[in-house]
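Descriptive analysis of the structure
If you want the building blocks of each chain, they are given just below.
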Amino acid sequence: MPSAPLLQILRAIPAAKMKALEKFVASPYHVTHPEVARLFQYLTTHEVENLTKDALFRDFFPGGTVDKRRLYHLSNYLLEAVEKFLALEVWQQRPHEQNLAAVEHLRRLHLEQASAGMLRYARRRLEADPQRGSAYHRSDYLLQLEAYYLSQQEGRAKAASVQELSDAEDIAFICGKLRTGCLLLSHEAVSKREYDKGLLDNVLTLLKGHRYLQIPIIAAYYHGYFAQSGQDGDLHFSLLKSLLDQHAAHFSLAETHDLYLMAVNFCIRRINQADNRYFREIFELYQSGLQHGALLEDGTLSRWTYNNIAVTALRLHEFGWVRQFLHDFAPFLPESHREGAFNFNIARYYYDTGDYPQAMRHLLRMEYDDMLQNLMAKTMLCKIYYELDETDALENQLDSIQIYLRRKKILGYHKENYTAIVRFMRKLLSVRPDHAPEKEKLRAEIEQAPVLTEREWLLKQLSAETGPAKRPG
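Quick notes on the rules
Residues numbered from 1 in each chain as written. Predicted model: local features only at pLDDT ≥ 70, side-chain atom pairs only at ≥ 80, totals over all residues. Heavy atoms only, no water. Helix = DSSP H or I, 4+ residues; strand = E, 2+ residues; numbered from the N terminus. Rg over C-alpha atoms; globule rule 2.2 N^0.38 Å. Buried < 20%, exposed > 50% of the residue type's maximum accessible area, 1.4 Å probe, protein only. Contact = heavy atoms within 4.5 Å. Areas by Shrake-Rupley, 256 points an atom, 1.4 Å probe, with all protein chains shown as cover. Arc of directions from axis to C-beta. Polar contact = N/O pair within 3.5 Å; in protein donor to acceptor, adjacent residues only side chain to side chain. Axes fitted to C-alpha atoms, helices over the stretch in contact; angles between N-to-C directions. Parallel < 35°, antiparallel > 145°, perpendicular 65-115°, else oblique. Left-handed = near helix turned anticlockwise from the far one by under 90°. Nonpolar A, V, L, I, M, F, W, Y, C, P; charged D, E, K, R; others polar. Phe/Tyr/Trp six-rings, centres within 6.5 Å; stacked < 30°, edge-to-face > 60°. Lys NZ or Arg CZ within 6 Å of the ring centre and 35° of its normal. 1 Å grid on protein atoms, 1.4 Å probe; cavity = no way out; pocket = protein on both sides within 12 Å on 5 of 7 lines; lining within 4 Å. Points joined across faces, edges and corners; volume = space filled by probe spheres on them. Salt bridge = Lys/Arg side-chain N within 4 Å of Asp/Glu carboxyl O.

Another point: the overall build of the protein. Helix and strand counts for the protein stand at 23 helices and zero strands. Radius of gyration (C-alpha) of the protein: 30 Å, far over the 23 Å computed for a compact globule of 473 residues. If one aligns the C-alpha atoms of the protein with their principal axes, the spans along those axes are about 95 × 75 × 40 Å. Counting only residues that meet the buried cut, the protein has 43% of its 473 residues in that class. When contacts within the protein are restricted to residue pairs at least 6 apart in sequence, those whose partners lie at least 24 apart make up 61%. In the form shown here, the protein has an accessible surface area of approximately 25900 Å², with 52% of it arising from carbon and sulfur atoms.

See below:
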């Protein structure tokens, strides 16, 4: 049988690319064994998920003589061809690397004039590129290196600008080291382990007050690193945010995504420390990141980012903006979570704007596949029933949450949190509005609960003079 990696790759390649792959495999320049193309044709015209050894042997060896060893080799040859095709597809999206390779090859053929002409063309193309991220500085260094080699070959090594070569190498190295340093710092926070950062401390010391900090991509990673590390974090976050506002369009999407993520994570840490002014900061980052496409990964917006953006905008009462966002960006969600994420967040929008019938319609439309989202949806229904004074419906929903918690293996923080929410909602129903000692006792319990995401809402209901704190319809 063909190898599992080969079949997985063939299944994953989009239909729009399969025609190009078919031409690639059929080209004798790329694939010298003629039977490789026949195996490719067979695998791409049959349902490989249902393919059995017997069916493959019967169809591929119609004469009846099965040569398993030959099939094994053909499968490996085809896998190599497909991997070469995928590498070429990526390389074709990198014109500066192609130009550089052409310069190098011409130089190795001792075609100095042609190599010099190609070098000038490559330099013009690079300078015309609006992107000034790490890839630009790496290409700049490699072109400087080719220029040096060419000058040596032409016997004019003294004319070569070795200082420019050295500076370009430093800049390219620093870009890569800072980017990796930010990655290590991020992983340290998650894994709770410390990494050896190699030369990073030397680079950070060098950069303090250095002219290289005038290079936007270096400055962005430098300030992003210190914003993550906590050293003068507010200052470095402010400088990073300013750099993103000015230069995000000049960095690659991958770099822009990483830098926005650093800035967003800084805001989340501040918000978790009860610094609520960072809600506005993170909202502005979300707006800017959406504009630049930096929050999308391969054209997809994660449902968690979609949720976080919606929550932030609702907290700031940006109701018109969030409604438009929920509709405009729903198509970018993964298809398997699209309907659930949209219904849940549009329900939150209707709840916050006081349209309870619409909120309930969206909440009751489906059972969410994510356990936490399901619990949040059920909790929102409880809040609506309480605020509408629909006690029977609220009791039923609280019972539903308790059953759900017993049925699902939810451990730690989440189980403790939702168990507490159910307990305090039941106490809210039983507390006498005119009995101050009862209310104060419950208030103290709510304030002292170690884990309680609905603390603010519960205290608000308890503070109402009589009955639930209803919203206007």
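Once the structure has been displayed, the description carries forward.
Our focus in this paragraph is helix H18 (residues 356–363). Every buried residue of H18 is accounted for by Tyr356, Ala359, Met360, His362 and Leu363. Projected down its long axis, H18 carries its buried residues within an arc of 165°, all on one side. If you follow the buried residues of H18, they end up packed against helix H17 (335–352) and helix H19 (371–387). Structurally, the start of H18 carries an N-cap: the backbone nitrogen of Gln358 is 3.3 Å from a side-chain oxygen of Asp355.

Moving on to the packing of helix H10 (residues 200–207) against helix H11 (residues 216–229). At a minimum axis separation of 12 Å, H10 and H11 run at an interaxial angle of 115°. One finds that H10 runs roughly perpendicular with respect to H11. The two elements H10 and H11 cross, and the hand of that crossing is left-handed. Of H11, the residues touching H10 (which contributes Leu200, Leu204 and Leu207) are Ile218, Tyr222, Tyr225 and Phe226. Taken together, the residues that form the contact of H10 with H11 break down as seven nonpolar, no polar and no charged.

Turning our eyes to something else, we now look at the packing of aromatic side chains. Within this structure, the stated rule accounts for 15 aromatic pairs. Between the aromatic rings of Phe329 and Phe332, the centroid separation amounts to 5.5 Å while the plane-to-plane angle is 40°, which identifies the pairing as tilted. Site record: aromatic cluster; members linked through ring pairs are Phe283, Tyr306, Trp321, Phe325, Phe329 and Phe332. Here Arg132 stacks its cationic end above the ring of Tyr136, 4.1 Å away from the centre of that ring. Positioned over the ring face of Phe424 is Arg423, at 4.8 Å from the centre of the ring.

This part takes up empty space enclosed by the protein. Using the criterion set out here, one finds one cavity of 30 Å³ or more in the structure. The calculated volume of the largest cavity comes to roughly 60 Å³. Forming the boundary of the largest cavity are His96, Glu97, Asn99, Leu100, Ala122, Ser139, Leu142 and Leu143. When residues of the lining of the largest cavity are traced back to their parent elements, those giving at least two are helix H6 (95–108) and helix H8 (134–153). The biggest single contributor to the lining of the largest cavity is H6, with four residues. When grouped by side-chain class, the residues that make up the lining of the largest cavity number four nonpolar, three polar and one charged.

Once that is clear, we can look at the side chain of Asp167. In this structure, Asp167 sits in helix H9 (residues 162–191). With residues near it in sequence (within four places) discarded, Asp167 still touches Arg211 and Tyr212.

All of the buried residues along helix H4 (residues 53–60) are Ala55, Leu56, Phe57 and Phe60. Buried residues along H4 sit in contact with helix H3 (34–44) and helix H5 (68–91).

Where empty space is left in the structure can be found by rolling a water-sized probe over the atoms. Computed from the structure, the largest pocket encloses a volume of approximately 1800 Å³. Val311, Arg315, Arg348, Thr453 and Glu454 are the residues nearest the centre of the largest pocket, which is lined by 40 residues in total. No other element matches helix H15 (residues 303–315), which puts seven residues into the lining of the largest pocket. Class assignment of the residues belonging to the lining of the largest pocket gives a composition of 19 nonpolar, 11 polar and 10 charged. Its volume calculated, the second largest pocket comes out at about 560 Å³. Taken together, 18 residues make up the lining of the second largest pocket; nearest its centre are Gln93, Arg94, Gln131, Ala135 and Ser252. Top contributing element to the lining of the second largest pocket by residue count: H8, with five residues. Taken together, the residues of the lining of the second largest pocket sort by class into five nonpolar, seven polar and six charged.

The tally for this structure, following the rule as stated, stands at 26 salt bridges. A salt bridge links Glu146 to Arg107; the nearest nitrogen and oxygen atoms lie 2.7 Å apart. Of this pair, Glu146 sits in helix H8 while Arg107 is found in helix H6, placing the two residues 39 residues apart along the sequence. Arg107 carries the same exposure label as Glu146, and that label is buried.

With that settled, the discussion passes to the environment of Glu127. One can find Glu127 in helix H7 (residues 112–128). Glu127 sits in the partly exposed class, given a relative accessible area of 38%. Spatially, the C-alpha atoms of Glu127 and Leu143 are 12 Å apart, while their sequence positions differ by 16 residues. The contact partners of Glu127, leaving out residues within four places of it in the chain, are Arg132 and Tyr136.

Attention now moves to the packing of H15 against helix H16 (residues 319–329). Two numbers describe how H15 lies on H16: the axes approach to 9 Å, and their chain directions differ by 165°. Taken together, H15 and H16 sit at an angle that is classed as roughly antiparallel. The chirality of how H15 crosses H16 is left-handed. Together, Tyr306, Ile309, Ala310, Ala313 and Leu314 of H15 and Phe319, Trp321, Val322, Phe325, Leu326 and Phe329 of H16 make up the contact between the two elements. Considering only residue class, the contact of H15 with H16 consists of 11 nonpolar, no polar and no charged.

Function-wise, these values are silent; they only describe arrangement.
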